[in-house]
Amino acid sequence: MTFFPHFSQHQVTIALSVYIGLILNSPVLIRNCAGGWLQTSSALLSALALFSLCYLLVRFFSLFGQTGYKFFSSFTLLVSAAASYYMTFFNVVIGYGAIVSTLTFDTDLNSEAVGYTFFLWLVLTGLAPCVWLWFTKLTNATYSNMGIKSIAKGWLPILGALVVFNVSIKTIIAFTEDHARKNNQYTASTGGIIAHSYLPTNWIASLSIYLHQLGKESTSNQKLYDPSKHFTYQATPALDDLFVVFVIGETTRWDHMGLFGYERSTTPLLAQEPNLIAMRGTSCDTATKLSLRCMFVRENGTEDDAQRTLKERNVFAVLRKLGFTSELFAMQSEAWFYSSLDANRYEIREVVAAEYAYSKHPIDDMLLVAQMERSISNHQQGKHLIILHTKGSHHLYSQRHTRDFANFTPECMDIDDSCTKQQLINSFDNSVLYVDYMLKNVFDKLRNKNALVFYVPDHGESIEENQHFHATPKEMAPPEQFRVPFIVWASDKFIAQPQHQTLFSNLKKREENDFNPHHEQIFDSLLGCMGYSSPDGGINTQNNWCGDNPKSMAFDNHSSGLSQR
């Protein structure tokens, strides 16, 4: 094969870095240049960072000798070429969900994602460079000469690449955060968006998460008590085409919602919904990580310690065992929680944001509605669960809504501003208006389906002069940090079914009796309101909002310790 020219290993490293970092990423880089000086400068700086990162990665492969160098470089080439096909032609963001879907054993699903154009692309952009790499004779292996001068000379480009990479990323972050601050916009982790937007960091990061999750599932999750293995859950035929959406709110309080008598009209759209139940509820804790542990497991499914140590698997994992497919889309990054759901796929904030980062779409909770709509279209048969984890009313409140929802002014516009209590409340109330709008859009996508929607925030918030806080230890936290709304909406098709009419009627009675639901009842109530029953105690009837147990109808329906919050 003498017609293949000889190149030094360093020359090949540079060529591979240009090819993977710049050429395969070029369609995304060009798309991301559109929009203004910030987008253009960020794309150009990203190109520098990508080249530098690929150079460092391929130089690292040199440590394994020429065979190892060619093997790992070829693997990176092939996977990157495959990913670039979907990034180029379908504008797909390669995240954890894409990796899980690719590595699934469901051959029918995989066959629907590939065709002859994919294989042609893979041959031309991936296999051809690999053939060139393997048949090219490498001269002057990077670490063959270990003299002092050679080592010093070899380290110079590595140090240069590190400097270029760090300066590029830090500059992008500085530009983006400055622009967001001046325009009072929320931005997800800039570094995270870049990592999920480009090759090869997007698939490397997602593959790492996947492998980490496999190891974690084989240890911690198997130790948790699994209700689906110890109890019998019986379903009605009406569950076969059911869509369930659970919207996890963030920090939104019921005493700032017009639905519950607040003097401001912060929920005008929800107030018009005829199939909606709204109840003043109580959270199990005062911080996101802690509430996510205790709000979806059975009562006493966590230790009553400061860490809320998990003892049992959550209701979403149980539903997967009962035959539901499930997907989660989040504007937060609580990957530890998302991995416990046993979902078919999930997309964290950076992955969702990366899809829209260089578009005209604001990065807020409405992006989750688009993800939900796509999920519904991909699971039209039903028996499908969608979890949406929002940013809701998390501080900085004014960044949780678009400017056309700034009905109450003046707002607190910057984290460093000296804001009055009224400015903070104005911003908070505007965020509630946006929650109202977002939930109405969720309902609109489900009106012609057999569907059930739950909306429950994780905790409340204290709002005082220049203060906005939660996460006070639950033993001493003020009551407003536990005030969360519990909202349940059902489609006409859901209520039209006789077995569901009874369930919804029982739920309505609790609303009329000023029933006070608790996070610890979600496990039993989600299953119960969907139509599941358990003859051997898998559902606590006193915790089931849709059951007909008269003991659970009254306002004070829970243990004295919790009902005092």
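Parameters at a glance
Every chain is numbered independently, its residues counted from 1 as its sequence is written. In keeping with the model being predicted, local features are shown solely for residues with a pLDDT of at least 70 and side-chain atom pairs are shown and tallied solely at 80 or more, while totals for entire chains, interfaces and linings include all residues. Just so you know, side-chain values use all the structure's heavy atoms and leave hydrogens and water out. Any two cysteine sulfur atoms within 2.5 Å of one another count as a disulfide. Segments assigned H or I by DSSP are reported as helices when at least four residues long, segments assigned E as strands when at least two residues long, and all are numbered from the N terminus. Burial classes follow relative accessibility: with a 1.4 Å probe on protein chains only, a residue under 20% of its type's maximum area counts as buried, one over 50% as exposed, and anything between as partly exposed. Both site types are read off a 1 Å grid over the protein atoms alone. A 1.4 Å probe that fits but cannot get out defines a cavity, while an open set with protein on both sides within 12 Å along at least five of seven lines defines a pocket; lining residues have an atom within 4 Å of a point. Grid points are joined across faces, edges and corners, and a volume is the space filled by probe spheres set on the points. As a per-residue measure, pLDDT reflects the predictor's confidence and takes values from 0 up to 100. We call two residues contacting when some pair of their heavy atoms lies within 4.5 Å. A pair of strands is labelled paired if DSSP reports no fewer than 2 bridges between them. Fitted lines through C-alpha atoms serve as axes, helices being fitted only where they are in contact, and the angles separating the N-to-C directions of these axes extend from 0 to 180 degrees. Throughout, the ten residues Ala, Val, Leu, Ile, Met, Phe, Trp, Tyr, Cys and Pro are labelled nonpolar, Asp, Glu, Lys and Arg are labelled charged, and all others, Gly among them, are labelled polar. Only buried Ala, Val, Leu, Ile, Met, Phe, Trp, Tyr and Cys residues count toward a nonpolar core, and they belong to the same one when joined by side-chain atoms within 4.5 Å. Any Lys or Arg side-chain nitrogen found within 4 Å of a carboxyl oxygen on Asp or Glu counts as a salt bridge. To sort the angles, those under 35 degrees are grouped as roughly parallel, those over 145 as roughly antiparallel, those from 65 to 115 as roughly perpendicular, and the leftovers as oblique.

Asks: Is there a simple way to think about the state of the cysteines in this case?
Replies: As used in these notes, a disulfide is a covalent bond between sulfur atoms, one from each of two cysteines. A complete count under the given rule lists 3 disulfides for this structure. The disulfide partner of Cys-284 is Cys-294, and the gap between their sulfur atoms is 1.9 Å. An S-S torsion of about 80 degrees defines the bridge between Cys-284 and Cys-294 as right-handed. In this pair, Cys-284 sits in the loop between strand 4 (276–282) and helix 12 (288–294) while Cys-294 sits in helix 12, placing the two residues 10 residues apart along the sequence. Owing to a relative accessible area of 0%, Cys-284 belongs among the buried residues under this scheme. Here Cys-529 is linked by a disulfide to Cys-546, with a sulfur-sulfur distance of 1.9 Å. Every disulfide takes its handedness from the sign of the S-S torsion; for Cys-529 and Cys-546 that torsion is 95 degrees, giving right-handed.

Asks: Explain the layout of surface pockets here, please?
Replies: The gaps left among the atoms become clear once a water-sized probe is rolled over them. Estimated volume of the second largest pocket: approximately 730 Å³. Taken together, 31 residues form the lining of the second largest pocket, with His-179, Gln-185, Ala-357, His-361 and Ile-363 sitting closest to its centre. In terms of residues, the lining of the second largest pocket owes the most to one element, helix 8 (residues 148–182), which gives 4 residues.

Asks: Looking at this model, I keep getting lost on the confidence of the model for the chain. Mind explaining?
Replies: Interpretation of this model should avoid reading the predicted coordinates in detail wherever pLDDT is low. For the chain, the average pLDDT comes to 89, and 89% of its residues sit at 70 or higher. With pLDDT under 50 throughout, residues 105–109 is counted as low confidence; its partners more than four residues away or in other chains account for 0 contacts.

Asks: Can you walk me through the environment of Thr-541 in this structure?
Replies: Tracing the chain through its elements places Thr-541 in the loop between helix 20 (522–530) and helix 21 (560–563). Taking the C-alpha atoms as reference points, Thr-541 and Gln-521, separated by 20 residues in sequence, lie 9.9 Å from one another.

Asks: Sorry, what's going on with the pairing of strand 8 (residues 451–457) here?
Replies: Two faces belong to every sheet, and in a regular strand the side chains alternate between them. In terms of burial, strand 8 is a largely internal element, 7 of the 7 residues being buried. Neither face of strand 8 is open: one carries Ala-451, Val-453, Tyr-455 and Pro-457, the other Leu-452, Phe-454 and Val-456, and all of them are buried. Note: strand 3 (residues 243–249) against strand 8, 7 bridges, orientation parallel. Opposite Phe-243, over in strand 8, you have Ala-451 as the bridge partner. Here 4 bridges tie strand 8 to strand 11 (residues 483–490), and the two strands are oriented antiparallel to one another.

Asks: How do you make sense of the sheet that holds strand 11 when you look at a structure like this?
Replies: Strand pairing within a sheet occurs via backbone hydrogen bonds; the two strands may be parallel or antiparallel. Across the sheet, which stays open at both edges, the 7 strands sit in the order 4-11-8-3-7-5-6 with mixed pairing between neighbours. Strand pairing shows two members of the sheet lacking a second neighbour, strand 4 and strand 6 (345–347), which therefore form its edges. Neighbouring strand axes in the sheet, compared pairwise and without regard to direction, differ in orientation by 15 degrees on average. Summarising the sheet, strand 5 (residues 325–330) and strand 6 pair through 3 bridges and their orientation is parallel. If you follow Glu-327 over to strand 6, its bridge partner there is Arg-345. Contacting strand 3, strand 4, strand 7 (384–389), strand 8 and strand 11, helix 17 (residues 421–444) crosses the sheet at an angle of about 160 degrees to strand 8.

Asks: What should I look at first to understand empty space enclosed by the protein in this one?
Replies: Counted according to the given criterion, the structure contains 4 cavities of 30 Å³ or more. By volume, the largest cavity is sized at about 70 Å³. Lining the largest cavity are 12 residues, and of these Val-297, Leu-310, Glu-312, Asn-314 and Ser-340 sit closest to its centre. Of the residues contributing to the lining of the largest cavity, the split by class is 6 nonpolar, 3 polar and 3 charged. Taken as a whole, the second largest cavity spans an internal volume of roughly 60 Å³. For the second largest cavity, the full set of lining residues is Val-247, Gly-249, Glu-250, Asp-365, Thr-390, Gly-392, Arg-400, Ser-431, Tyr-434, Val-435, Met-438 and Tyr-455. With 4 residues, helix 17 is the largest single contributor of residues to the lining of the second largest cavity.

Asks: Sorry, what's going on with the nonpolar core here?
Replies: A general trend in soluble globular proteins is that nonpolar side chains are found buried together. By size, the foremost hydrophobic cluster in this structure holds 107 residues, and its most contacted members are Phe-296, Phe-316, Leu-388, Val-442 and Met-530. For this core, the element with the highest residue contribution is helix 17, accounting for 11 residues. Beyond its immediate sequence surroundings of up to four residues, Phe-296 is in contact with Phe-246, Ile-248, Asn-314, Val-315, Phe-316, Phe-337, Ile-522 and Phe-523. One finds Leu-16, Tyr-19, Val-28 and Leu-45 within the second-largest nonpolar core, a separate group that totals 31 residues.

Asks: Honestly, the pattern of salt bridges in this entry has me stumped. Any pointers?
Replies: Close approach of charged atoms lets side chains of opposite charge pair. Counted under the stated rule, the structure contains 23 salt bridges. When the shortest N-O distance is used, the salt bridge between Asp-304 and Lys-474 registers 3.7 Å. With a gap of 170 residues between them, Asp-304 in the loop between helix 12 and helix 13 (315–321) and Lys-474 in the loop between strand 10 (467–469) and strand 11 connect regions that are remote in the sequence. By relative accessible area, which is 59% here, Asp-304 ends up exposed. Classification of Lys-474 by relative accessible area gives buried; the value is 15%. Each member of the salt-bridge network shares a partner with another, and the members are Asp-285, Asp-304, Arg-308, Lys-474 and Glu-475.

Asks: Could you clarify how one ought to interpret the packing of helix 9 (residues 190–197) against helix 15 (residues 349–356) in this entry?
Replies: Helix-helix packing: each pair is described by the crossing angle between the helix axes and the interaxial distance. Between helix 9 and helix 15, the least distance of the axes is 8 Å, while the angle of their chain directions is 70 degrees. Between helix 9 and helix 15, the crossing angle belongs to the class labelled roughly perpendicular. In contact with Gly-192, Ile-193, His-196 and Ser-197 of helix 9, helix 15 contributes Glu-350, Val-351, Ala-353 and Ala-354. Its residues assigned to classes, the contact of helix 9 with helix 15 shows 4 nonpolar, 3 polar and 1 charged.

Asks: Explain helix 15 here, please?
Replies: Structural remark: α-helix, 3.6 residues per turn; residues separated by three or four positions point the same way. In terms of residue burial, helix 15 counts as a mostly covered element, since 7 of its 8 residues are buried. For helix 15, the set of buried residues is Arg-349, Glu-350, Val-351, Val-352, Ala-353, Ala-354 and Tyr-356. For helix 15, the secondary structure elements touched by its buried residues are helix 9, strand 5, strand 6 and helix 16 (366–378).

Asks: Looking at this structure, how should I read the environment of Leu-224?
Replies: Of note, Leu-224 is situated in the loop between helix 10 (201–223) and helix 11 (227–230). Expressed as a C-alpha distance, the spacing of Leu-224 and Gly-301, which sit 77 residues apart in the sequence, is 9.6 Å.

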